[in-house]
Amino acid sequence: MEQVPQISQAEYEVMKIIWKYAPIATSQVVERLSDSKWSPKTIQTMLLRLVKKGALANEKQGRSFVYTPLVGAEEYRLQASHRFLDRLYDGALGSMVLNFIEQDQLSEEEIQSLKDLLDGMDKGEKDD
């Protein structure tokens, strides 16, 4: 798995817009984030930072820049999840799930979904 650049929570919000609407011009990103607390200049700074990190590519088109992602949304989420697990649970997914169950942070529906998923995995292994 290729290393994905680390991005901040604010940059992630910008990336979600890029992933959804790419290719997208600076002014369109600013417009889509108009409900945020960020000024247009702040958004432009985040876009440039994401280009420097290798998460975005930009191309000058007329008087504007157009951005496209160099990192896929799913690829980013997968690596961010692994970083989270490594940092807080020493990479042990079971420990994290157990922690959420013990702290009553999973609903009955979520617990049932986990059971169904695990049952399906067991059946899949037996069918091989």
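Before reading on, note that the structure itself is shown above.
Just so it is clear, the model here is predicted, and its values are computed rather than measured.

Peer 1: Mind showing me how you'd approach the pattern of salt bridges here?
Peer 2: Two side chains that carry opposite charge are able to pair once their charged atoms sit near each other. Counting across every chain of the model gives four salt bridges. Residues Glu 11 and Lys 53 are paired through a salt bridge, measuring 2.7 Å at the closest nitrogen-oxygen approach. Pair noted here: Glu 11 is in helix α1 (residues 9-21) and Lys 53 is in helix α3 (residues 40-53), with a separation of 42 residues, a long-range link. A relative accessible area of 1% means that Glu 11 is categorised as buried. Judged by its relative accessible area of 34%, Lys 53 falls in the partly exposed class. Across the pair Glu 74 and Arg 77 runs a salt bridge whose closest N-O atoms are separated by 3.8 Å. Note that Glu 74 and Arg 77 are positioned in helix α4 (residues 73-89) at a spacing of three residues, about one turn of the helix. Classification of Glu 74 by relative accessible area gives exposed; the value is 56%.

Peer 1: In this structure, what is going on with α3? I would like to understand it.
Peer 2: Note: α-helices contain 3.6 residues per turn, so residues at a spacing of three or four share the same orientation. With 14 residues, α3 extends 20 Å between its outermost C-alpha atoms, agreeing within 8% with the 20 Å of an ideal straight helix rising 1.5 Å per residue. Taken together, the buried positions of α3 are occupied by Ile 43, Met 46, Leu 47 and Leu 50. End-on view of α3: buried residues confined to an arc of 100°, all on one side of the axis. Residues Lys 41 and Lys 52 are exposed on α3 and point more than 90 degrees away from its buried face. Taken from the residues just after α3, Gly 54 is the one with a positive phi, measuring 90°.

Peer 1: When you look at the pairing of strand β3 (residues 64-69) in this model, what are you seeing that I'm missing?
Peer 2: Regular strands show a simple pattern: their side chains alternate between the two faces of the sheet. With two bridges connecting them, strand β1 (residues 24-25) and β3 associate as antiparallel partners. Paired with Ala 25 across the bridge in β3 is Val 66. Sheet topology places strand β2 (residues 56-61) next to β3; six bridges connect them, and they run antiparallel. Looking at β3, one finds that Leu 56 is bridged to Pro 69. Following β2, the chain reverses through two residues before pairing antiparallel with β3; Gly 62 in that reversal takes a positive phi of roughly 70°.

Peer 1: Looking at this structure, I do not really get the packing of aromatic side chains. What am I missing?
Peer 2: Describing an aromatic ring pair means giving the distance of the ring centres and the angle of the ring planes. For the structure shown, the criterion picks out four aromatic pairs. Both rings, one in Trp 19 and one in Tyr 76, keep their centres 6.0 Å apart while their planes meet at 40°; by these two values the pair is tilted. Of this pair, Trp 19 sits in helix α1 while Tyr 76 sits in helix α4; the two residues are 57 residues apart in sequence, bridging distant segments of the chain. Take Tyr 76: its relative accessible area is 10%, and that puts it in the buried class. Linked through ring pairs, Tyr 12, Trp 19 and Tyr 76 together constitute an aromatic cluster. The ring of Tyr 21 has Arg 32 sitting right over it, with the charged end atom 3.7 Å from the ring centre. Sitting over the ring of Phe 65, Lys 60 keeps its end group 5.1 Å from the ring centre.

Peer 1: So what exactly am I meant to see when it comes to unusual backbone geometry here?
Peer 2: Residues apart from glycine generally show negative phi values, whereas peptide bonds are mostly found in trans. Pro 23 follows Ala 22 through a cis peptide bond whose omega is -5°. You can see Pro 23 is positioned in the loop between α1 and β1. The phi dihedral of Asp 90 is positive, around 50°, even though this residue is not glycine. In this fold, Asp 90 is placed in the loop between α4 and α5 (93-102). In this structure Asp 90 comes out as exposed when scored by relative accessible area, which is 75%.

Criteria and thresholds
- Residues numbered from 1 in each chain as written.
- Predicted model: local features only at pLDDT ≥ 70, side-chain atom pairs only at ≥ 80, totals over all residues.
- Heavy atoms only, no water.
- Salt bridge = Lys/Arg side-chain N within 4 Å of Asp/Glu carboxyl O.
- Helix = DSSP H or I, 4+ residues; strand = E, 2+ residues; numbered from the N terminus.
- Buried < 20%, exposed > 50% of the residue type's maximum accessible area, 1.4 Å probe, protein only.
- Expected span 1.5 Å × (residues − 1).
- Arc of directions from axis to C-beta.
- Pairing = 2+ DSSP bridges.
- Phe/Tyr/Trp six-rings, centres within 6.5 Å; stacked < 30°, edge-to-face > 60°.
- Lys NZ or Arg CZ within 6 Å of the ring centre and 35° of its normal.

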